[in-house]
Amino acid sequence: MTMIYIHEFSTGIEVKRTPGGGWESRGFTGKYINCTRDIPQQILNAISSGEFSLSEGGLPEKPAMVGRQVGGYSVVAVVSRGRDDRGRSLSLYRYFWCEGKDYIEAILRWKDKLPVFDPDDKPPSTGHRLNPDSPPVQLDKFPEYLHDSSPTIVISPKKRCQPLILNAIAKERAKKQGEDYSWAYNVAALENPWYFQVIYPASSEAEALFKEVLARRPRDSVFISGEGEIKTAIKAIIKGRVKPEHINNLEIALANPKVDDKFWNKLLDGQAASKAYKDKIYSETMVMLLTLKAILIPKFLPDFLMWMQTAPKPDDCWESCHKLQASLLAEYKKNTPSLPSLTRNINDGIYSLLSRLITTPKSSPLDSKIKHKLRGLVHSKVDIPQLVKATQSLLNEKDGLWSQIYRVCFAKDLPDDLSQIPDLWQPGIITDYSEEKAEFLTHLQPFWKDPRKTDKKYLPLAQLFEELSSPKFAAIFYQISTGNVPQNIFYKVSGRSGVKKDTLFKMTLIRQKGWGDHLHSALDAGIDFVTENLILIIRGMVIGLLLVGGIGLTTIGIISLIANQSNKALEARMDEKIATLKDELKSLTEISYENKGRFHRTNEAIKAMTTNLTPDITQLTPEQLTTIGIPDNVQDNQIYIVLFCVRKILGLDQNLQYGEIGKYNERWQEFSDAIRKYQEAKGANTPDGVIDEGGRTQKWLEEDIRNQCLNPPDGG
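The rules behind each value
- Residues numbered from 1 in each chain as written.
- Predicted model: local features only at pLDDT ≥ 70, side-chain atom pairs only at ≥ 80, totals over all residues.
- Heavy atoms only, no water.
- Helix = DSSP H or I, 4+ residues; strand = E, 2+ residues; numbered from the N terminus.
- Buried < 20%, exposed > 50% of the residue type's maximum accessible area, 1.4 Å probe, protein only.
- Areas by Shrake-Rupley, 256 points an atom, 1.4 Å probe, with all protein chains shown as cover.
- Axes fitted to C-alpha atoms, helices over the stretch in contact; angles between N-to-C directions.
- Parallel < 35°, antiparallel > 145°, perpendicular 65-115°, else oblique.
- Contact = heavy atoms within 4.5 Å.
- Nonpolar A, V, L, I, M, F, W, Y, C, P; charged D, E, K, R; others polar.
- Patch = residues over 30% accessible without salt bridge, like charges linked within 9 Å, V, L, I, M, F, W, Y side chains within 5 Å.
- Salt bridge = Lys/Arg side-chain N within 4 Å of Asp/Glu carboxyl O.
- Lys, Arg positive; Asp, Glu negative; His and termini not counted.
- Charge placed at Lys NZ, Arg CZ, Asp CG, Glu CD.
- Pairing = 2+ DSSP bridges.
- Disulfide = S-S within 2.5 Å.
- Expected span 1.5 Å × (residues − 1).
- Bend = angle between axes of the 7 residues up to and from the residue.

Before going further, it helps to examine the overall build of the protein. From N to C terminus, the protein includes 30 helices and 12 strands. A total of 716 residues make up the protein; the buried ones form 49% of that total. As displayed, the protein offers around 36100 Å² of accessible surface, 50% of which is attributable to carbon and sulfur atoms.

This paragraph deals with the packing of helix α11 (residues 301-309) against helix α12 (residues 314-335). Contact geometry for α11 and α12: axes closest at 8 Å, N-to-C directions at 135°. One way to sum up the angle between α11 and α12 is to call them oblique. Here Phe 304, Leu 305, Met 308 and Gln 309 of α11 come into contact with α12, specifically with Pro 314, Cys 317, Trp 318 and Cys 321. Of the residues belonging to the contact of α11 with α12, the class tally is 7 nonpolar, 1 polar and no charged.

Glancing now at a positive patch on the surface. A contiguous patch of positive charge on the surface is contributed by Lys 235, Lys 239, Arg 241 and Lys 243. For Lys 239, the location among the structural elements is in the loop between α6 (227-238) and α7 (244-255). Taking the relative accessible area as the measure of exposure, Lys 239 reaches 54% and is therefore exposed.

Turning our attention to the pattern of salt bridges. Scanning the entire structure with this criterion turns up 28 salt bridges. With a closest N to O distance of 3.0 Å, Asp 279 and Lys 275 form a salt bridge. Ionic pairing is found between Arg 356 and Asp 303, a salt bridge with its closest N-O pair at 3.1 Å. In this pair, Arg 356 is assigned in helix α13 (residues 340-358) and Asp 303 in helix α11, connecting sequence segments 53 residues apart. Both residues of the pair, Arg 356 and Asp 303, belong to the buried class. One network of salt bridges, in which partners are shared, links Glu 8, Arg 94 and Asp 121.

Here Asn 34, not a glycine, exhibits a phi torsion of approximately 55°, which is positive. In this structure, Asn 34 sits in the loop between β3 (23-28) and α1 (41-48). A positive phi angle is found at Ala 272, which is not glycine, with a value near 80°.

Moving on, we come to the pairing of strand β1 (residues 3-10). For β1, a buried count of 6 out of 8 residues is recorded, marking the element as mostly surrounded by other parts of the structure. Judged from the 4 bridges that link them, β1 and strand β6 (residues 89-99) form a sheet pairing that is antiparallel. Bridge assignment links Phe 9 to a residue of β6, and that residue is Tyr 95.

Take the state of the cysteines next. Applying the stated criterion across every chain, the model contains 1 disulfide. The thiol of Cys 321 is unpaired, and the distance to the nearest cysteine sulfur, on Cys 317, comes to 8.9 Å. Exposure remark for Cys 321: the relative accessible area of 0% places this residue in the buried category.

Bringing α12 into the picture now. Along its 22 residues, α12 runs 31 Å from first to last C-alpha, staying within 8% of the 32 Å computed at 1.5 Å per residue. The largest bend along α12 reaches roughly 25° and is located at Leu 329. Turning to α12, its buried residues are Cys 317, Trp 318, Ser 320, Cys 321, Leu 324, Gln 325, Leu 328, Leu 329, Glu 331 and Tyr 332.

Read these as geometric descriptors, not functional statements.
See the structure below:
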């Protein structure tokens, strides 16, 4: 028979007993009383975070109870009423707890009635044998609450309910949601009702109040188990007191799908992170706080680096930033295999930096202040060298957290990612990556699709990786930005002398021509060389060779003669090429903010359609899919098949790339117009050219895809 130990402690106050048998407080002592054992820090953090708190006026005549799983502990608080020396109502807590998360029911069964606050009752910490024959809690009278998907359930006080029942309901819900559970019993008001999964109000009035408050629930009020420990970790880290449990608490939080940027911003702003950033407060503590923010919120890293550049003494900021990194890295190296979420976050920050180096973000209210300081260096083309320099410093830093992840993780992962880019042309595959990584790889897709395409804005990445002694990455971005790779980098990557082309990460690299290449081409190709490389190249070559003494006067005469005799032919060919280029280089405009929102709504609907249609798709044989028109190599890609059918139903060209729809206004408009025509044909009252998740257009499309697209001829 299992033995458990039930420990306890109570609110610490100076008390005197009242004539009616109650308690009057003469002030808090600052320490808990009647502790049968040292209180675990996780429980203390949960209490300080308000996870057990009844609000003022939230205690009825009869005692209330709060049950909660806290980390690796089971805790029940019995709350009774007292008063202070001015006669005001006061909530007095008596806590019972066990090691292990599954013993709340055991605590409730320990005694017929858990004792309330009593300073004179000094119980020992005694063992309690669990009774394996305890009858199961019957929930057959509460089926509606077991299937209720509301974040917080409020059970009507008209239904007879006991703490054991409340605990069982919360436990069943927790199994489905995969999280810790909590409940509050016989309460009139709670400080944070959204911190609980199940609430049993003390009265009908309290029930109405809870429902009203929960309906107005703040967006950032999602309860995160262990929030107290996370706050403690943040406070300790920014003071340089890093312990293994602090990193572990951050790792647990980062792995929690409920923890998002809003959650981190709320906690960090509680320490004045936003104020420090906006008001440019460069104290050591604030720099360390914003360094931590850049770790926890990868998208913030580029802004953080530029923020440090605006400091009166940037070197001091880098020193404070490095100090925090070094303290975290010391613990990180001991636990690297068990910190995948923290590693991913830092890796994503590097991807976020690279994306910022090739894109111009929207301006923010802070920009005008920073621009004044840097004379236009922020959020413009001129700020790129500044950010490249800062990125280089960050990734080259000795004993730096980002530089460590760059060497051991990023530099090993990126080659695999680059090699897979050709496969990412099929829609949907790229969504397997984090948002920051997917954004960066999406930028690169067009250059594998069209090897002739170049874009000079990628040159900073080439220069960055060259400075970081990463020649393979430098070669890729020189090829993308200039159309060729400098000879010194090309030969480092290729390892073969004399070759003009090579392949890296499935991209063709072209070696930049030297003077010898130009001279050889000129003598062998004559007018064709002049046509393709222009007279200016030859003139530059001649001047350069004269300077180094690498060409004789006879050769100069030959080249000049070729150039002079070819002027008319060259001019005609140039005019023809310019006209062709004008047609080919009609640029598409980047998708607007409004259209991006419409695309996002449509994209969510298509994801839902894919989920709903996957059972239909998986029933089809490869032969049937081929008959429909799905290529062999993507027959296991459901989202590709759904998009193929969507284009077919909407009458769109199959060559319309879905990835471009969310990137360019013209592509979105083409797609949206087709949706609008489809809606009109279906008799929609307000055709808007958008597919909304769960809306009529999604349902129409799903039905038509099943009947018209996923229904091969002759029944398949």
